[in-house]
Amino acid sequence: MQIALFQPDIPQNTGTLLRLCACLGMAAHIIEPAGFPVSDRHFRRAGMDYLDHVSITRHVSWTTFEEWRAAQGYRLLLFTTKGATDYRDFHYQTSDILLFGRESAGVTDAVVEAADARLVIPINAGLRSLNVAMTAAMAAGEALRQIRNPASPIV
């Protein structure tokens, strides 16, 4: 199970997500261009000393990420407010990559089309979205729960 960030633009969120990956033992991917340098103090502050404990792969573009993913045979699960499937009803696999879009603009149409599934975390009507780091934590928690307890029913 891995987490990928598509062109993240808020360093604090990215640092928090990398900390999450370190704590949960998940590899992380940053699909460039990011909206900040990895030397950004906000990024470092949010990631703290956890950045030394996470496997981070930086992909210079969406195309290079997709080429890498295709070669590995990983399934791509896009978390989006426009998703059709409730993330709790989806059946996760260990080879999945959980993909989260840019905070300010989401993802491109090419990314939407490439996704093997488009998942949504339902929120109250009239509200736009959850913070991307919160979304990733919820998604990772549900995915890992299912994988670590494959016999437990989804309710």
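Residues numbered from 1 in each chain as written. Predicted model: local features only at pLDDT ≥ 70, side-chain atom pairs only at ≥ 80, totals over all residues. Heavy atoms only, no water.

- The protein carries the name tRNA (cytidine(34)-2'-O)-methyltransferase in an unreviewed UniProt entry, which gives Bradyrhizobium stylosanthis as its organism.
- In its Subcellular location (unreviewed entry) section, the UniProt entry covering the protein states "Cytoplasm".
- As stated in UniProt under Sequence similarities (unreviewed entry), the record for the protein gives "Belongs to the class IV-like SAM-binding methyltransferase superfamily. RNA methyltransferase TrmH family. TrmL subfamily." (UniProt positions renumbered as here; feature names shortened; annotations may be inferred.)

Focus: the environment of V60
Then, number 1: When you line up the elements, V60 lands in the loop between β3 (56-59) and α3 (62-72).
Then, number 2: Taking the C-alpha atoms as reference points, V60 and I30, 30 residues apart in sequence, are found 8.5 Å from one another. (Helix = DSSP H or I, 4+ residues; strand = E, 2+ residues; numbered from the N terminus.)

Some remarks on the UniProt feature "binding site: S-adenosyl-L-methionine" (unreviewed entry) in the protein
Then, number 1: When the UniProt feature table is mapped onto this chain, "binding site: S-adenosyl-L-methionine" (unreviewed entry) is found at G101, I121 and S129. Across 29 residues in sequence, these annotated residues keep their C-alpha atoms within 13.9 Å of one another, forming a single compact spot. In this structure, the largest cavity is lined, among the annotated residues mentioned, by G101.
Then, number 2: Here G101 is to be found in the loop between β6 (96-100) and α4 (109-114).
Then, number 3: Checked against the element boundaries, S129 lands in the loop between β7 (117-120) and α5 (132-148).
Then, number 4: Excluding residues within four positions of it along the chain, S129 makes contact with T81 and I123. (1 Å grid on protein atoms, 1.4 Å probe; cavity = no way out; pocket = protein on both sides within 12 Å on 5 of 7 lines; lining within 4 Å. Contact = heavy atoms within 4.5 Å.)

What to know about the layout of surface pockets
Then, number 1: Each pocket or cavity is described by its volume, and for the largest pocket that value is around 680 Å³.
Then, number 2: In terms of lining, the largest pocket is formed by 27 residues, of which the most central are F79, T80, T81, G106 and S129.
Then, number 3: For the lining of the largest pocket, the secondary structure elements donating two or more residues are β4 (75-79), β7 and α5.
Then, number 4: Examining the composition of the lining of the largest pocket, we find that three residues originate from one element, β7, more than from any other.
Then, number 5: For the lining of the largest pocket, the class distribution of residues is 13 nonpolar, nine polar and five charged. (Points joined across faces, edges and corners; volume = space filled by probe spheres on them. Nonpolar A, V, L, I, M, F, W, Y, C, P; charged D, E, K, R; others polar.)

Thoughts on unusual backbone geometry
Then, number 1: Note the cis peptide between E32 and P33, where omega equals 5°.
Then, number 2: With respect to the secondary-structure elements, P33 resides in the loop between β2 (27-31) and α2 (41-47).
Then, number 3: Despite not being glycine, Q7 has its phi angle at roughly 45°, a positive value.
Then, number 4: Among the structural elements, Q7 can be located in the loop between β1 (2-6) and α1 (11-24).
Then, number 5: Overall, Q7 belongs to the buried group, its relative accessible area being 19%. (Buried < 20%, exposed > 50% of the residue type's maximum accessible area, 1.4 Å probe, protein only.)

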